[in-house]
Amino acid sequence: MPEQSRSVTFKNVSKVWPEGVKAVDGVSLEVAAGSFVALVGASGSGKSTLLKMVNRLIAPSAGQVLVGGESVDAGPAPDLRRRIGYVFQNVGLFPHMRVGENVAIGLRLAGEKDNAGRVAELLDLVELSPEIAARMPDALSGGQRQRVGVARALATGPGILLMDEPFGALDPVTRDGLGKAIRALHDRMGLTTILVTHDMAEALLLADRVLVMEKGRIVADATPRELLAGKGGPAADALVAVPREQAHRLAELEK
Ligand code: ADP
Ligand code: MG
């Protein structure tokens, strides 16, 4: 996929739900091709709503979302979604289908025949052995399940990867390992990645750029280095203070 088709742009985008909740409030934003952006914020701040407007799972009430400089409405939604991998909050594997079939759904979406070789390749990409294809999702660990979710998201060979709190239910060690694996995939495949998380430490350690969302607005937009230097503004400072203080306390214990 050409470099420029992997950028994501929000132009004054808002989403008002029928009950009057303004989930996203006038967001303007340019996510450069190849960047790894973390979107951080409290529950209900509008992160998922913003993310789902990129692949048209949600339509904005106002403003425009562009992928590769083109409005997401320019063509059919399936064409758009083929170019955008999406990892659901809470994994979202089909429980009644084997792992291989779960991954192959991504292939079918791309109009490819679901062949076992390609499924094995995709599993290998996320460091899972091919035998896992025959298992049911409930016979996997949480971390393995989420890796399958990532394999499925990458089946169509997308240039953009959207992840909605993908590590939420995982233990800290698995979570750390999966985070590193995703970052390595991002770098190797030259993806544009948007990762939604409520964990500022994870955002700082994985992303090139951190956005903080509050009540539907982006209230901070900075690199991890800038955030750690206190240049992100008050909302970001409050979130950065938590992992920073924990790191200091650990360092004290080690003395
Ligand atoms: P986050 O992902 O940051 O937790 P969401 O984007 O899910 O936040 O939600 C933002 C706001 O929009 C919340 O107030 C939520 O209740 C509301 N909301 C989200 N989805 C819907 C929906 N399908 N219908 C009505 N309100 C919704
Ligand atoms: Mg959410």
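Residues numbered from 1 in each chain as written. Chains lettered and ligands numbered in written order. Predicted model: local features only at pLDDT ≥ 70, side-chain atom pairs only at ≥ 80, totals over all residues. Heavy atoms only, no water.

The protein appears in an unreviewed UniProt entry as Osmoprotectant transport system ATP-binding protein from Sphingomonas kyeonggiensis.

J.: It is not clear to me how the site of ligand 1 should be interpreted in this structure. Could you clarify?
T.: Neighbouring ligand 1 are W17, E19, V21, A23, A42, S43, G44, S45, G46, K47, S48 and T49. Within the side chain of W17, an N or O atom sits 3.1 Å from a nitrogen atom of ligand 1. At a separation of 2.5 Å, an oxygen atom of ligand 1 approaches a polar side-chain atom of T49. Relative to its unbound accessible surface of 550 Å², ligand 1 loses 63% to contact with the protein. Ranked by residue count, the leading element in the shell around ligand 1 is helix α1 (residues 47-52), at 3 residues. In the shell around ligand 1, the residues fall into 4 nonpolar, 6 polar and 2 charged. (Near = heavy atom within 4 Å. Polar contact = N/O pair within 3.5 Å; in protein donor to acceptor, adjacent residues only side chain to side chain. Areas by Shrake-Rupley, 256 points an atom, 1.4 Å probe, with all protein chains shown as cover. Helix = DSSP H or I, 4+ residues; strand = E, 2+ residues; numbered from the N terminus. Nonpolar A, V, L, I, M, F, W, Y, C, P; charged D, E, K, R; others polar.)

J.: Would you explain the domain arrangement of the protein in this entry?
T.: Interface size is commonly expressed as the accessible surface area that is lost when the partners come together. Looking at the assigned domains, one finds that the protein contains domain 1 (1-83 + 162-255) and domain 2 (93-157). Taken over C-alpha atoms, the centre of domain 1 sits 25 Å from the centre of domain 2. Every contact between the two is made by 14 residues of domain 1 and, on the other side, 13 residues of domain 2. Both sides together, the interface formed by domain 1 and domain 2 hides about 1000 Å², and carbon and sulfur atoms give 70% of it. Our count for the domain 1 to domain 2 interface comes out at 0 salt bridges. At the junction of domain 1 and domain 2, the tally comes to 2 residue pairs in polar contact (both at pLDDT 80 or more). The set of elements that each furnish at least two residues to the side of domain 1 that touches domain 2 consists of α2 (77-82) and α6 (172-189). (Domains from an automatic or database assignment. Contact = heavy atoms within 4.5 Å. Buried area = accessible area lost by both parts, 1.4 Å probe. Salt bridge = Lys/Arg side-chain N within 4 Å of Asp/Glu carboxyl O.)

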